[in-house]
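What the coordinates show
Read off the chains here:
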Amino acid sequence: MKGLGETFGSGAMTNDFKSIKEADVLFVVGSNTTETHPVIGSWIKERKADGAKLIVCDPRKIELAKYADVYIRHNSGSDVALVNGMMHVILRDNLHNAAFIDERVENFEALRKVVEEYTPEKTSEITGVPAELIEAAARTYAAGPNSAIFYTMGITQHQSGTDNVRSLANLALLCGMLGRPGTGVNPLRGQNNVQGACDMGALPNVFTGYQKVENADVRSRMSGLWKCGELPAAPGLTLVKMMEAAGTGDLKCLYIMGENPMVTDPDTNHVRHALENLEFLVVQDIFLTETAQLADVVLPAACWAEKEGTYTNTTRTVQRVRKAVEAPGEARSDWEILTDLANRLGAAWEFKSASEVFDAIAACTPSYAGMSHERLDEGPLSWPCPAVDHPGTPNLHVGRFSRPNGKATFVPCEWKEPHEWPDEEFPFLATTGRILYHYHSGSMSRRSAPGEFVRELFIEINPKDAEALHVEEDAMIRVTSRRGSVSGKAKITDRVPPKMVFLPFHFAEAGANVLTAAVIDPDSETPAYKINAVKVETA
Amino acid sequence: MQGIDLTINGKKVVAEPGMTILQAARKAGIHIPTLCEHPALPVAGACRVCLVEVEKNPKLLTACSSPVAPGMVIHTHSPRVLEARKAVVELILIRHPLDCFSCPSNGKCELQEVAYELGIRDSSFKEEGDTCNSYALEDANPFYVRDMNKCILCGRCIRACDSLARYHAIDFQNRGIKAMVQPPVGRDLEHSDCTFCGQCVQLCPVGALSEKASAGQGRPWELESVKSTCSYCGVGCELNIQVNRKTGRIANVTTDYQSPTGINEGRCCVKGRFAWQYVHSEDRLTRPLIKENGSFREAGWAEALSVIAGRMNAIKEDFGSDAVGFFSSARCTNEENFLLQRLSREVMGTNNVDHCAHL
Amino acid sequence: MGLYRSHVLVCGGTGCVSSGSQAVLDALKKGLADKGLDKEILVVATGCHGMCEMGPIVVVYPEGTFYCRVTAADVPELVEEHLFKGRIVDRLIYKGEGTVADVPHYTDIPFYKKQHRIALRNCGYINPENIDEYIARDGYVALVKAVTEMTPDDVIETVKESGLRGRGGGGFPTGLKWSFCARSAGDKKYVICNADEGDPGAFMDRSLLEGDPHAIVEGMLLGAYAMGASEGYVYCRAEYPLAIRRLKRTIEQATEYGFLGDNILGTDFSFHLHIKEGAGAFVCGEETALMASIEGQRGMPRPRPPFPANKGLWGKPTNINNVETWANVASIIRNGGAWYAALGTEKSKGTKVFALTGKVNHTGLVEVPMGTTIREIVFEIGGGILNGKKFKAVQIGGPSGGCLTEEHLDIPISYESLSQVGAIMGSGGLVVMDEDNCMVDVAKFFLEFTQAESCGKCPPCREGTKKMLDILGRIVAGKGTPEDLDSLQYLGTMIKETSLCGLGQTAPNPVLTTLRYFRDEYEAHINEKRCPAGACVELARYVIDAKKCIGCTKCAKVCPVGAISGTVKQPHVIDQDKCIKCGACAEACPVKAIDRR
């Protein structure tokens, strides 16, 4: 988000799904697309079958690797070097789009200077990838004519996550792969409404539509629209910082809506301590989750099928969610609960329906201004949609970037060694992620059919390591990091390279996040889930 | 584009270039029965039910696969066509069990519809012992049941897997009368490339594939379809929640391959289609809970909300607004996220609001 | 090639190899070397001579002496007498049938006399593994002529003029088919040789591939040049390892000589040829299924249109012809279209290769001009019915063909005449049947084959042929009803009318033609529970002729189920309810008093 915002002026996925069908080259990096975004995965495979080239970069030999024209199994945490190496080749062989750069991008010389160092040989040393593959990837991407980049948490969940994103943005700018169908830099958002939650200002530094809280004009406009007093000006704490503050006692009260940090956040032991340290914890959820069990008051919420509203997907497309069945017992929609509580806390909200809440969003959010439930009932709309007669915007950056001067900028990055690296005591690298059958903390998927299909934690381990440890398929193994330890059934597969284990994080009773560190990317405050030094033993 | 003039059943019809006879007939409101055809799938021409007579053409043609040509004179229900069509359906019915009464597809079965339309009660070719019952029910996975006795080998599931799910987990195996649909080389479904997206289940025209959790949850005509958006990953697939109003429960979740509004073009994954039972889970929270002496007790809304309001106000007063924080959720709606940040900023006076964007 | 005074051709066709020609070849080479004759006499392993039933065949040139059923043990005599002393070994030469006297010379043998070999012209003459021998027989002359003197359109026009039609069964005019593909727009085009010969008993494609593979490659080159194709496939069943080996060798040699590859003969024309081994599914002979198989999918037909000429292999314009079709092309280009068109009937030009099998004296491969009668093939070339039995029928056109009777013997063979009487040319299977063949059983045999090979895609072929088979099974077991014949007729008609591909559309032919021409046999099975040919085991009855029986009790002793009773020296009786029709009694009877009826 941050990486793209800085280079292009907007942090969202640049192109829509239809755009995939027009790409000649698909560059998938740090995204196990067929499992985390299966429908996008199917389109990528379709496009590949119809003749597009596919480049896949992932330390795990994910399913898409099978179809790849170029498959790169680089060392974890070496993404910046890899992309710099590709850019080196592109510049060396004059494959960049000079006209595009001249017209639309700033800071080219700085980029040239940084990537000069990243010869294929040096890049190969850092990434562990043969130089020919780096050259092949570079040439394939640059050849286009339309090349699109897709990435997910494999890029962002690193200490250098923002630099990783900046590098991909640099690559796209270098080859002019933006502003047309079939191109773009496309972060595939992991959760159904992560885009919407950001758009809505559920972030410590911005109101809706990324309007900065520090901006006095914005604040006064908001307080006018909301008919309230002065709004706070200083950016608040991020989730990870709030957790820290709770641990130290600076934060006294936490109100958690629909989240389960006991499973999804890094360093579970630390999270437990922090939440227990609070004076008052409210959890509003559909189940008595691991987090809710620590609460002082738990509020029963209506779930997905029981309420009206909207989600904004990974392509900035706003769609309706509709009530199909009644909520059980006294459970209520979150918006009703929040309205009731706000009024008890002294507000005078008069929302009678989700539709009215949406109108309030449109009123204070320029990019949503033209939308309403009524319009969305006709069909989805992508923001920016500034007026009621505006058709929405499927592709961003056509002709102009969102930065004030309309130009994008290169933000060159140097590769830095990861925060943690396997050593003698912790010789393995553990990486966490999602699997097809489950979602996030598993509170929904594990209570449905997929829960019967994949019941418990498994740990992917390379056949060589399994042999060395005398571990057989399905034997229990224990993975231990400096922060904690977790056990699961060994799944012996060359999907993971030697000396790497992969753990899905959906299983609360064997939470992979016991292992992870609350080490974050300083720029985006994203936890570095993908690299953890661990040891592996038979359990 | 120049239209193509045709005559179908004596009616002048203008088709677009590139259309098949079936598409042209549908556009003109002329019904031709089909089984293996589905607009979301590549043409197979397998079931032979859509055979039509085209004048000057010695052979009957499958409407689904034959492109229109200028001046074609087409008969969709001539005696010759009806005889052939009836023969084909009766051939299919030789082995197909006629236990419609207990079949999960009763009411949406396309074979049932075609047979009804042609006035067929049973196959005149059928002899004792012909009804297929040799295949064991395959129900090892929690998602769907395969009853190969009912399979009519139309191949829609195979094409759905190939062209929509893009897996090729299944194909025809064996030849002649032993032909059947299976994962390759004797593997069972659970150890095949199948990812249980269930698109084949929805596209199966008969009862060979049926969703496990839907058994007994409602007949097709009892269900009301509610269009919504999937709550799993960030793709945002359009889903249709099928609700049985008699029970107030979800019967299953489907997709619409022809939906003009669905960004997913009808595609979906195992979670979107099959991970909805949690909605009716026994352990859903149904009343507010207040913790007392380390354990929860149920409470009414008024009490719970006033406890919260009281404690939050007190903390704000004692330690300032920034001693309070809010975690919003990427799984909640825009409306809910919007209100939570307003609660934080406007009501509590703090910017300590964030959500799990990065996890 | 060096100069030799004599050539000894040893047949290396599959038939002769299986009757021991390799040992003959080895013995000849050794024998000649021992005598020091190996510098003046060359031994050549050739492709099939066609007269497989007489194998192993050895032909000595320049005399053209035709030796048959030669064994390794005969070789010393052959070397000593013929090759050393120049005296023909009478006991090994071909013995004529009936009135025909001994025939020492190849061209005088009735089997060859009536034939006209164009496709087979090199089979049996040349060493198929030596490109020079092919070239010596005017090989690649047509290619040179085409690329240097003719435009692609000229080539197509010549093929059109020749009247050549698809020899794989469909009989579609080849030149016309080529013109469709030539006209079709595409950045890449393919030509395919369909060598998925699957008819039981058919081996013409195999013999061509094994005996003269360069002719097929040259034919494909000419087609590729005419249609603008740059790549080709030979789709050959994996059960033909010798053919595949020879094809590989052929491609190597042709590439080495500059006939295959980029810039052929220094021109802009480039053509690359691959071999794809098929897994032996009958339906893969259907062109859309064949292409699916090359693409790596399950071989299943798809509806046409789109035709391969527009959307074929990997969606590109593609032309498929079978082996025999391709094998004719080079001769046509070399000699001109009119030359080929001079042979045959009005609409069916040229020659056709048939695999003659069944109850005929000389089984083998025969190539005759179109318009030859079945009688000529069966009685003159084939030497009549085996063991002097009575001719009953020919099944023509493979498992999808039809059974024809005595009344059709004088029909001049052509695509039109055969389809008029309910049979098809097919790929050229010709199975001769005599009075011992039960036509119901024959129909059932062919239908069993097509049912087992049905791909299962369309209901008429999958379910319909099975139902017909069920009914036939009942009839041969004596459990049929008169209504069954109507059902067979109706099912057969509907399957032809509604099936997706040629396999289904022709599968009922054997049943429909036998119903038409041998209805009395069906009726005998149904009404009298009797198989007139005595072939259907379940209907057979063993009866003791009381007049002949001497009451020796041998039959009663061997009967495994105790079905025979009677006192010594009195005529015995068989209890038909107990009898299992094993035939042991008939074998044991010293006076042949037990008849099978």
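Please read all numbers here as calculations on a predicted model, not as lab measurements. Chains are numbered independently. Their residues run from 1 in the order of the written sequence. Going through the entries in the order they are written, you letter the chains from A and number the ligands from 1. Local features in this predicted model are restricted to residues whose pLDDT is 70 or higher, and side-chain atom pairs enter the listing and the counts only when it is 80 or higher, whereas totals over whole chains, interfaces and linings include all residues.

1. Some remarks on the overall build of chain C
Counting its regular elements, chain C contains 24 helices and 17 strands. In terms of C-alpha radius of gyration, chain C reaches 27 Å, essentially the compact-globule figure of 25 Å for 597 residues. Based on the C-alpha atoms only, the size of chain C along its principal axes is roughly 90 × 65 × 40 Å. As a rule, residues whose C-beta atom has 12 or fewer other C-beta atoms within 10 Å are exposed, those with 20 or more are buried, and those in between are partly exposed; C-beta atoms are placed from the backbone. In chain C, which comprises 597 residues, the proportion classed as buried is 55%. Long-range pairs, those at least 24 residues apart, make up 72% of the contacts in chain C between residues at least 6 apart in sequence. Only DSSP runs of H or I covering at least 4 residues are called helices, and only runs of E covering at least 2 are called strands; the numbering of each starts at the N terminus. In this setup the radius of gyration rests on C-alpha atoms only. A globule is expected at 2.2 Å times the number of residues raised to 0.38. This entry defines residue contacts through backbone-placed C-beta atoms, with two residues in contact when those atoms are within 7 Å.

2. Re the interface of chain B and chain A
If you look at the interface, chain B gives 101 residues, while chain A gives 118 residues. Per-element tally for the side of chain B that touches chain A: the top contributor is helix H8 (residues 334-347) of chain B, with 13 residues. Looking at the side of chain B that touches chain A residue by residue, the classes come out as 54 nonpolar, 29 polar and 18 charged. What makes two strands pair is DSSP finding at least two bridges between them. With four bridges joining them, strand S7 (residues 253-257) of chain A and strand S15 (residues 324-327) of chain B adopt parallel strand pairing. Of the residues in S15(B), the one forming a bridge with A:Ile256 is B:Phe327. The nonpolar class holds Ala, Val, Leu, Ile, Met, Phe, Trp, Tyr, Cys and Pro. Asp, Glu, Lys and Arg form the charged class, and all remaining residues, Gly among them, are polar.

3. Considering the interface of chain B and chain C
Where the parts come together, the accessible area they lose is often given as the size of the interface. Each side of the interface is counted separately: chain B has 26 residues, and chain C has 25 residues. At the level of secondary structure, the elements contributing two or more residues to the side of chain B that touches chain C comprise helix H2 (79-93) and strand S7 (171-173) of chain B. Here the side of chain B that touches chain C takes five residues from H2(B), the largest share from any one element. Across the side of chain B that touches chain C, the residue classes break down as 16 nonpolar, five polar and five charged.

4. A short note on the domain arrangement of chain B
Each assigned domain of chain B is listed with its residue range as follows: domain 1 (4-117), domain 2 (144-280) and domain 3 (289-354). Where each domain starts and ends comes from a domain assignment, either automatic or drawn from a database. For domain 1 of chain B versus domain 3 of chain B, the distance between C-alpha centres works out to 61 Å.

5. A short note on the arrangement of the chains
A comparison of contact numbers over the two pairs of chains in contact places chains A and B at the top. There is a clear gap between chain A and chain C: no contact, and 11 Å between their nearest C-alpha atoms.

6. Some thoughts on the sheet that holds strand S10 (residues 364-369) of chain C
All names here are of chain C. In space, the five strands of this open sheet follow the order S10-S9-S13-S11-S12, with mixed pairing throughout. Of all strands in the sheet, those bounded by a partner on one side alone are S10 and strand S12 (402-405). Each strand of the sheet is rotated relative to its neighbour by a mean of 30°, with strand direction disregarded. Of the pairings in the sheet, the one linking strand S11 (residues 391-396) to strand S13 (residues 429-434) comprises five bridges and is antiparallel in character. Among the inter-strand pairings, Ala393 is bridged to a residue of S13, identified as Met433. Helix axes are fitted to C-alpha atoms over the stretch in contact, other axes to C-alpha atoms as well, and angles between N-to-C directions run from 0 to 180 degrees. With respect to the sheet, helix H21 (residues 509-517) is in contact with S11 and S12, its orientation differing from that of S12 by roughly 25°.

7. Regarding the nonpolar core
When buried Ala, Val, Leu, Ile, Met, Phe, Trp, Tyr and Cys residues are joined through C-beta atoms within 7 Å, the set is termed a nonpolar core. In terms of nonpolar packing, the biggest core is built from 457 residues, with A:Met86, A:Leu168, A:Val501, C:Val10 and C:Leu222 touching the most fellow members. Per-element accounting of this core gives the leading share, ten residues, to helix H10 (residues 213-227) of chain C. Apart from residues no more than four positions distant in its own chain, C:Leu222 is found in contact with C:Ala142, C:Leu143, C:Ala146, C:Val155, C:Val329, C:Ala330 and C:Ile333. If you look at the next biggest cluster of nonpolar residues, it comprises twelve residues, including C:Tyr542, C:Cys555, C:Ile574 and C:Cys589.

8. Examining the domain arrangement of chain C
Residues and elements named next belong to chain C. With domains assigned, chain C is organised as domain 1 (6-113), domain 2 (131-341), domain 3 (351-428), domain 4 (439-527) and domain 5 (541-596). Computed over C-alpha atoms only, the centres of domain 3 and domain 4 are separated by 22 Å. Every contact between the two is made by eleven residues of domain 3 and, on the other side, 15 residues of domain 4. Elements represented by at least two residues in the side of domain 3 that touches domain 4 include exactly S11 and S12. Of the residues contributing to the side of domain 3 that touches domain 4, the split by class is five nonpolar, six polar and no charged.

9. Brief notes about the environment of A:Phe207
Residues and elements named next belong to chain A. Counting through the fold element by element, Phe207 comes out in the loop between helix H11 (194-199) and helix H12 (216-226). Residue Phe207 is classed as buried on the basis of its 25 C-beta neighbours within 10 Å. Put simply, Phe207 and Lys252 are 45 residues apart on the chain and 24 Å apart in space, counted from C-alpha to C-alpha. Once residues within four sequence positions are removed from consideration, Phe207 is found in contact with Gly201, Val213, Val218 and Met222.

10. Considering helix H13 (residues 239-248) of chain A
Within the span of H13(A), buried status applies to A:Leu239, A:Val240, A:Met242, A:Met243, A:Ala245 and A:Ala246. Looking at the buried positions of H13(A), the neighbouring elements they touch are S7 and helix H15 (268-277) of chain A together with S15 and strand S16 (353-354) of chain B. Note on H13(A): the residue one or two positions beyond its end, A:Gly249, has a positive phi of about 90°.

11. What to know about the sheet that holds strand S1 (residues 6-11) of chain C
Residues and elements named next belong to chain C. Pairing is mixed in the open sheet, where four strands are placed in the order S2-S1-S3-S4. Looking at strand neighbours, the two that pair on one side only are strand S2 (41-46) and strand S4 (65-67), the edges of this open sheet. Here the strands of the sheet are splayed against their neighbours by 20° on average, with no regard to which way each runs. Pairing geometry for strand S3 (residues 58-61) and S4, over three bridges, is antiparallel.

12. Focus: the packing of helix H9 (residues 204-211) of chain C against helix H11 (residues 241-256) of chain C
Residues and elements named next belong to chain C. Contact pair H9 / H11: the axes reach a minimum separation of 8 Å and the direction vectors enclose 35°. The handedness of the crossing between H9 and H11 is left-handed. The residues of H11 that touch H9, namely those facing Arg206, Leu209 and Glu210, are Leu242, Ala243, Arg246 and Leu247. Class assignment for the residues of the contact of H9 with H11 results in four nonpolar, no polar and three charged. For any helix crossing, the convention is left-handed if the near helix is rotated counterclockwise from the far helix by under a right angle, and right-handed if that rotation is clockwise.

13. So, unusual backbone geometry
With an omega of 0°, the peptide bond running from A:Gly144 to A:Pro145 counts as cis. When you line up the elements, A:Pro145 lands in the loop between helix H8 (131-143) and strand S5 (147-151). Positive phi, normally seen in glycine, also occurs at A:Lys499, with a value near 65°. Within the secondary structure layout, A:Lys499 lies in the loop between strand S17 (485-492) and strand S18 (500-504). By C-beta crowding, A:Lys499 is classed as partly exposed, having 14 other C-beta atoms within 10 Å. Even without being glycine, B:Asn293 reaches a positive phi, approximately 50°.

14. What to know about the packing of H13(A) against H15(A)
Geometry of a packed helix pair, given as the angle between the helix axes and the separation of the axes. All names here are of chain A. For the pair H13 and H15, the least separation of the axes is 7 Å and the interaxial angle reads 60°. Regarding the angle of H13 to H15, the classification is oblique. Regarding H13 and H15, the two cross each other, and that crossing is left-handed. Contacts from Met243, Ala246 and Gly247 in H13 reach His270, Val271, His273, Ala274, Leu275 and Asn277 in H15. Residues that form the contact of H13 with H15 fall into these classes: five nonpolar, four polar and no charged. The scheme is simple: roughly parallel for angles under 35 degrees, roughly antiparallel for over 145, roughly perpendicular for 65 to 115, oblique for anything else.

15. Structural notes on the pairing of strand S11 (residues 317-321) of chain A
Residues and elements named next belong to chain A. Within S11, five of the five residues are buried, which leaves it mostly tucked inside the rest of the structure. By the alternation rule, side chains of S11 split into Thr317, Gln319 and Val321 and Val318 and Arg320, which are all buried. Taken together, the four bridges between strand S10 (residues 309-312) and S11 define a ladder with antiparallel strand orientation. Its bridge partner lying in S11, Tyr311 is registered against Gln319. Hairpin connection of S10 to S11: four residues between the antiparallel strands, including Arg316 at a positive phi of 65°. Here S11 pairs with strand S12 (residues 381-382) via two bridges, running antiparallel.

16. Details of H15(A)
Residues and elements named next belong to chain A. Buried within H15 are the following residues: Thr268, His270, Val271, Ala274 and Leu275. When H15 is viewed along its axis, its buried side chains cluster within an angular range of 155° and face the same direction. Facing away from the buried side of H15 by over 90 degrees, the exposed positions are Asn269 and Glu276. Residues of H15 that are buried make contact with H13, helix H14 (261-264) and strand S8 (280-285). In this description, one arc is meant: the one made by directions from the helix axis to the C-beta atoms.

17. Concerning the pairing of strand S8 (residues 318-322) of chain C
Residues and elements named next belong to chain C. Within S8, five of the five residues are buried, leaving the element largely enclosed by the surrounding structure. A two-sided burial pattern is seen for S8, the buried positions comprising Thr318, Ile320 and Asn322 on one face and Asn319 and Asn321 on the other. As paired strands, strand S5 (residues 190-195) and S8 are joined by five bridges and run parallel to one another. Counted as the bridge partner of Asn194 is Asn322 from S8.

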